[in-house]
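# Structural overview for review
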Amino acid sequence: MNTLLHTLRCIGFATLDRIAKIAALPEPEAESELIDLAVAGLVTRLPGEFGGWGLTDRGKEAASKQAAAELDATGARPRVLLAFDEFLVLNPELLDLCTAWQVRSDAAKVLALFADFDRRASAVIADVAAVLPRFGRYRERLSAALKLALDGRTEYLTDEMESYHAIWFQLHEDLLVTLGIPR
Amino acid sequence: MILPLSPHLDEPAEMIGGKARGLVTMMRLGLAVPAGWVIPVDVCRAYLTDGRLSGGLVAELAAAVRGPVSVRSGASVSMPGMMSTLLDVSGEDLGKAVEAVFASWDTPRARTYRVLHDIPHGLGTAVTIQTMVYGERGGSGVAFSRDPNTGEPGLYGEVLLGRRGDAVVSGGSVTEPLSVLPPGIGEELSEALGRLEGHYRDACHVEFTFEDGRLWFLQVRPGGLAGRAAIRVAVDLAEEGTIDRRTALLRVEPSTLASARTPRLAATTEIVARGVGACPGVASGRVATTSDGAVRMAADGPVILVRPETSPLDMHGLAAAAGVVTARGGPTCHAAVVARSMGKPAVVGVGSHDLAEGQLVTIDGTAGVVAPGSVASVVTDADPQLGTLLGWAAELAGEAGDEVALLTAARAVLQRERENAPE
């Protein structure tokens, strides 16, 4: 599986430093590979303040195909489907928590609920990672965001590009892409 | 164990739930409520302990209830959207439906909601069971005694013709204003809401269905207004003599004052799409229907991103846009959370719409509306009712710094008065 292609499919347009960090690649290596993918017509770069690297329509198609191939090759579909059902139960609760964080003032209470939620979310992600190890990255990234928030950097709940909410939504997108479920 | 709904039912909301209590109130006021029964909360508590319904309850349900019915949760406190509602349940499925509502009390999401709102886990929910009325043979909607966005007096609401109530509440469908109701129904709603306001001494809203020309009331809720609407209604009710000035002051949270001056569109503005306001403020710009397009167009001027819903693939579009509109989703959807984190006006859940790429629009994230063009009539002043309220606060508390401090001081005076008052 081409990691960069898949990463871009799940995070959307992003700057080189973010892409490299999420894909766990050194920046020069990521950049050189992005250029190769661009030459192949799978990746494009939008200029401007809000631009960055992202997939073309052909790139999206290629990303869907390789995700489907990986799922078939590993025989992981039944376990991922089960975990996705559990994800769908957790999802509205996480959205409630993010909204509560933004519109309410009892910070300590909401933070404690995030920590409790994270324990249950970790178990579900571990189920997927047991058959598709790349999902383990979501546990690491979500834990890192939560730890920052608990240490006082509370912008890592909903406001940062690498916030708990942003990572959670990338996980959602990844599960949909992996299972071939349209939004 | 089952109690029939009737005007004579005296059990408090702690026992039969807020929803059933409201139904009883409506019956007492002479409003048409579909026949029904209520299973009190202690039955739910027993279920949560035993993990099953008692045989006695199942037999009692079978004997008393004729289907098809609706089965809804109803705790003594409101937990909107957290628990199950089942429609068109026939006799043999009734036990299962009641069990599903009881079980929905204990989902992790509902538990988290209760921790957030200081609701004890052991409280439990009542269940109301009512004879089905079919909006398919008329329509369903929500009606407010005063505009929930502005507090302006007069009937306000939305209706789905030919549909059931759950379609209105779940969002995503395009509702119509109450002016499309058949002759007589709107007048009947106004008259009923007037009676309910008199009873509750507050603004109210009802869920209703009309079937073959007959109007039925399914739920009533008093209060619940936010922002400038809460201020206007409290002051108007005091000036109408429905409540006293002290009560009006106690009804307005000081945190509400900030939103009274958030820019908004004038009430007269033409509206082309209506949804839920998810982040307050006004923004104008050209419609971009893709996030890539939003990034490109943002170089030439402000852009409003209009999407069916948003996902991580829209982050660059959300960053580039001055505001966001989605067809689907509610106040906790991805677009709503991201827009609030970026402080950008957002309107979500507008349903199907005719907004076209490049079209100039203005959105109001308080009222949840989209207007054509670049609207100049943006209001930044507070309503006159705010000045009136602050005048009453000053009579009690004297000079107390800014308006939040003044209202807080006046409310403290009133709370002390209440605590010291002889029983």
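Residues numbered from 1 in each chain as written. Chains lettered and ligands numbered in written order. Predicted model: local features only at pLDDT ≥ 70, side-chain atom pairs only at ≥ 80, totals over all residues. Heavy atoms only, no water.

## Description of the overall build of chain A
When helices and strands are counted, chain A shows nine helices and two strands. When the elements of chain A are put in sequence order from the N terminus, they spell out α-α-α-β-β-α-α-α-α-α-α. A compact globule built from 183 residues should have a C-alpha radius of gyration of about 16 Å, and chain A, at 17 Å, falls within 12% of that. Judged by the C-alpha coordinates and their principal axes, chain A covers about 50 × 40 × 25 Å. Sorting the 183 residues of chain A into buried and exposed places 50% on the buried side. Intrachain contacts of chain A at a sequence separation of at least 6 include 61% that bridge at least 24 residues. Between the centroid of the 20 positive side chains of chain A and the centroid of its 27 negative side chains there is a distance of 2 Å. (Helix = DSSP H or I, 4+ residues; strand = E, 2+ residues; numbered from the N terminus. Rg over C-alpha atoms; globule rule 2.2 N^0.38 Å. Buried < 20%, exposed > 50% of the residue type's maximum accessible area, 1.4 Å probe, protein only. Contact = heavy atoms within 4.5 Å. Lys, Arg positive; Asp, Glu negative; His and termini not counted. Charge placed at Lys NZ, Arg CZ, Asp CG, Glu CD.)

## A closer look at the sheet that holds strand β14 (residues 282-288) of chain B
Residues and elements named next belong to chain B. Spatial strand order, β12-β19-β18-β14-β15-β16-β17-β13: eight strands in an open sheet with mixed pairing. The sheet terminates laterally at β12 (273-274) and β13 (276-279), the two strands that pair on one side only. As paired strands, strand β18 (residues 360-364) and strand β19 (residues 369-372) are joined by four bridges and run antiparallel to one another. Counterpart to D364 in the pairing with β19 is V369. (Pairing = 2+ DSSP bridges.)

## Notes on the UniProt feature "domain: PEP-utilising enzyme mobile" (unreviewed entry) in chain B
When the UniProt feature table is mapped onto this chain, "domain: PEP-utilising enzyme mobile" (unreviewed entry) is found at residues 302-368 of chain B. Here residues 302-368 of chain B runs as 22% helix and 25% strand, with 19 Å between its end C-alpha atoms. (UniProt positions renumbered as here; feature names shortened; annotations may be inferred.)

## Remarks on the domain arrangement of chain A
It is common to give the size of an interface as the accessible area lost on bringing the parts into contact. Residues and elements named next belong to chain A. By domain assignment, chain A separates into domain 1 (3-64) and domain 2 (76-179). Here domain 1 and domain 2 have C-alpha centroids that lie 23 Å from each other. Opposite the eight residues of domain 1 that make contact, domain 2 presents 11 residues. Both faces considered, domain 1 and domain 2 share a buried interface measuring about 840 Å² in area, 54% of it formed by carbon and sulfur atoms. Inspection of the domain 1/domain 2 interface yields one salt bridge. Two residues, R9 and E173, come together in a salt bridge whose shortest N-O distance is 3.0 Å. On inspection of domain 1 and its partner domain 2, the count reaches five residue pairs in polar contact (both at pLDDT 80 or more). The set of elements that each furnish at least two residues to the side of domain 1 that touches domain 2 consists of α1 (3-11) and α2 (16-23). (Domains from an automatic or database assignment. Buried area = accessible area lost by both parts, 1.4 Å probe. Salt bridge = Lys/Arg side-chain N within 4 Å of Asp/Glu carboxyl O. Polar contact = N/O pair within 3.5 Å; in protein donor to acceptor, adjacent residues only side chain to side chain.)

## Quick word on the environment of B:C204
Residues and elements named next belong to chain B. Here C204 shows up in strand β9 (residues 204-211). Measuring from C-alpha to C-alpha, the distance between C204 and L355 comes to 33 Å, with 151 residues separating the pair along the chain. Each residue touching C204, except ones within four places of it in the same chain, is listed here: A143, F144, S145, L193, L196, E197, V220, R221 and P222.

## Quick notes on the packing of helix α8 (residues 227-239) of chain B against helix α13 (residues 384-397) of chain B
All names here are of chain B. Where α8 meets α13, the axes come as close as 9 Å, and the angle between the chain directions of the two elements is 65°. By the angle between their directions, the pair α8 and α13 is classed as roughly perpendicular. Crossing hand, α8 versus α13: left-handed. Seen from α8, the contacting residues are I231, R232, V235, D236, A238 and E239; seen from α13, they are Q385, L386, T388, L389 and W392. Here the residues of the contact of α8 with α13 are counted per class, giving six nonpolar, two polar and three charged. (Axes fitted to C-alpha atoms, helices over the stretch in contact; angles between N-to-C directions. Parallel < 35°, antiparallel > 145°, perpendicular 65-115°, else oblique. Left-handed = near helix turned anticlockwise from the far one by under 90°. Nonpolar A, V, L, I, M, F, W, Y, C, P; charged D, E, K, R; others polar.)

## Focus on the interface of chain A and chain B
Facing 34 residues of chain A, the contacting portion of chain B comprises 28 residues. Both faces combined, the contact of chain A with chain B buries some 2,700 Å², and carbon together with sulfur accounts for 66% of it. The tally of links between chain A and chain B comes to two salt bridges. With a closest N to O distance of 2.6 Å, A:D96 and B:R109 form a salt bridge. Elements with a contribution of two residues or more to the side of chain A that touches chain B: α1, α5 (77-103), α6 (107-129) and α9 (164-179) of chain A. Looking at the side of chain A that touches chain B residue by residue, the class counts come to 17 nonpolar, seven polar and 10 charged.

## Points about the domain arrangement of chain B
Annotation of chain B at the domain level lists domain 1 (3-131), domain 2 (135-222), domain 3 (227-257 + 382-420) and domain 4 (264-379). Relative placement of domain 1 of chain B and domain 4 of chain B: their C-alpha centres are 39 Å apart.

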